[in-house]
Amino acid sequence: MTDPYKVLGVQPSASDEEIKDAYRKLAKKYHPDQYAESPLKDLADEKMKEINEAYDTVTAQRRGGGGYYNGAQNPVGGNRNSGFSDVRSLIMSGRIADAEQILNGVPPERRNAEWYFLKGSVLYRRGWLEEAKDHFSRACQLDPGNGEYSAALNQAMNQRGGMYGGYNPNQSMNGSCNTCDMCSGLLLADCCCECMGGDLIRCC
Amino acid sequence: MFGYVRPNKAEMLVKEYAQYKAAYCQLCKTLGQEYGPLARMALSYDCTFYALLALSVTGGAVRERRARCVCNPLKACVYLEAEGEEYKKAAALCVLLTFHKLRDDLGDRSFFRSLGSRMLLPYVGRKARKAEGRYPLLAQAAAEAMEAQRQAEAERAGVDPCAEPTARLLGTLFAELAQPEDRQRPALERFGYFLGRWVYLMDAADDLREDLREGAFNPFIRRLGLEGKRELAPEERQAAETACNEALNATAAQAALAANLLELENFGPIVRNVAEKGLAEIQREILFLHVKEKPRRELEKL
């Protein structure tokens with residue numbers, strides 16, 4: 001069993017807070033949701049399992065237990081009222097080409113929102129991201145209230161916005177105000193105030 | 001010199017950047033040794049990345065050596081040597097890709113504009129055949145990909161099918177770096193697939209304005225509804241660049257996700273820098289800062 005501290009990337013002398021932060025950062029990086037529609041899902045699940053086990057071991061050693069992130073909801077679920085349950089199970093077992101063949105065999109008149117969603121999922125897994133996004137959009141258009149379809153579209157749009165990699169043109173590097181800036185601003189204001197005989201913040 | 005797959009220098013450790021440069025120099029030297037001094041012109045950042053990735057996957061031993069630059073004897077540089085085939089493969093790839101790029105040029109451009117390529121082709125062709133003799137699988141993969149791409153573009157296909165051949169090529173090349181039983185093979189293949197796709201899309205986005213002007217094929221033209229336009233007004237240009245950037249972001253995201261799962265020795269940090277930050281920076285420089293159009297003085301201010 002590999003050293004759990006090494007897996008989490010912390011020193012054995014790290015504080016509980018540091019352990020939790022490291023775990024959160026790793027869980028965010030390898031979050032199963034990101035890999036749910038990917039052929040690398042198994043590899044990612046193993047990595048996540050390794051991280052969870054390391055975290056469990058460390059917290060068990062220090063106090064008693066600690067909860068962890070729940071597993072992924074696989075967007076292409078199998079137990080629902082679906083007209084394409086065969087396609088869904090093929091996708092879940094990784095047989096993308098077969099799933100696509102069935103989908104392509106459906107005549108245009110019978111292509112409903114679910115068809116567009118499933119075709120989009122297949123395209124997404126293959127790496128044809130532009131067409132996948134088009135299909136997800138169409139699925140949401142045809143069935144606006146559907147959570148499954150809008151979740152898929154949202155993930156695609158977030159990735160296009162540069163949230164997981166790539167450049168986000170709207171994110172200002174220099175102009176944003178964060179808590180560090182605010183806190184140091186207040187400290188500075190307090191200093192100036194005290195210089196002039198007042199006291200903005202009693203405890204500083 | 002050439003290539004879009006570069007690290008983000010500002011976000012690297014100084015020693016990592018030094019390693020990157022040393023690998024670049026070593027690849028230059030290898031190109032000269034294997035294919036003659038003129039072949040060094042085929043040197044690219046993309047193939048340097050390929051060499052570093054190869055070294056990180058195989059975990060080969062590396063050694064640094066101080067010597068003189070092969071091109072400029074007055075400059076001292078460091079070479080990052082390795083025992084195995086990694087640099088030779090990367091050099092072969094440089095030559096093969098240059099050969100195919102020149103051939104593409106002949107097909108895409110008019111006679112006079114492609115005159116330079118036309119004259120270089122026989123020489124490069126000979127070198128490419130030499131590379132093929134040494135690494136037949138590499139050569140075959142490259143040839144198949146170029147043929148498929150030519151076909152997709154002739155059929156005026158959409159963005160995804162046009163990017164597919166390059167994506168497949170890099171996917172195959174990266175997967176081939178690992179042993180067949182290696183559990184990382186799928187991750188490597190997927191990383192290669194999306195990196196190849198990113199390179200194709202980046203090239204298409206970069207060439208968009210020129211292709212519009214010359215009436216050449218570019219998958220983004222139809223995707224963004226720009227058929228028939230010769231010039232883009234500033235707002236149109238910005239809209240087009242934002243749309244291209246989105247496609248690139250989605251691709252870079254998938255590449256980064258795949259790279260996350262790789263266990264890399266040696267130069268893992270450099271590979272991750274490229275995947276997570278390098279690609280983004282190039283997108284920013286080409287699509288938003290328009291670095292290629294600015295004179296050198298202005299670039300320093302950025």
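Residues numbered from 1 in each chain as written. Chains lettered and ligands numbered in written order. Predicted model: local features only at pLDDT ≥ 70, side-chain atom pairs only at ≥ 80, totals over all residues. Heavy atoms only, no water.

Caption draft 1: Representation of the overall build of chain B within the structure. Regarding its fold elements, chain B presents eleven helices and two strands. Listing every helix and strand of chain B by position from the N terminus yields α-α-β-β-α-α-α-α-α-α-α-α-α. In summary, chain B has a C-alpha radius of gyration of 19 Å against a globular reference of 19 Å for 302 residues, a match within 12%. Within chain B, the fraction of its 302 residues that count as buried is 54%. By sequence separation, contacts in chain B at least 24 residues apart represent 67% of the contacts at least 6 residues apart. (Helix = DSSP H or I, 4+ residues; strand = E, 2+ residues; numbered from the N terminus. Rg over C-alpha atoms; globule rule 2.2 N^0.38 Å. Buried < 20%, exposed > 50% of the residue type's maximum accessible area, 1.4 Å probe, protein only. Contact = heavy atoms within 4.5 Å.)

Caption draft 2: Local environment of the interface of chain B and chain A. Each side of the interface is counted separately: chain B has 31 residues, and chain A has 30 residues. In total, chain B and chain A occlude about 2800 Å² of area from one another, counting both sides; carbon and sulfur atoms represent 56% of this. Between chain B and chain A we count four salt bridges in total. Of the charged contacts, one joins Arg-223 of chain B and Glu-130 of chain A as a salt bridge, the two residues approaching to 3.2 Å between their closest N and O atoms. At the level of secondary structure, the elements contributing two or more residues to the side of chain B that touches chain A comprise helix H6 (159-175), helix H7 (185-214), helix H9 (234-260) and helix H10 (268-288) of chain B. Of the residues forming the side of chain B that touches chain A, the biggest block, 14 residues, is contributed by H9 of chain B. Partitioning the side of chain B that touches chain A into residue classes produces 17 nonpolar, six polar and eight charged. (Buried area = accessible area lost by both parts, 1.4 Å probe. Salt bridge = Lys/Arg side-chain N within 4 Å of Asp/Glu carboxyl O. Nonpolar A, V, L, I, M, F, W, Y, C, P; charged D, E, K, R; others polar.)

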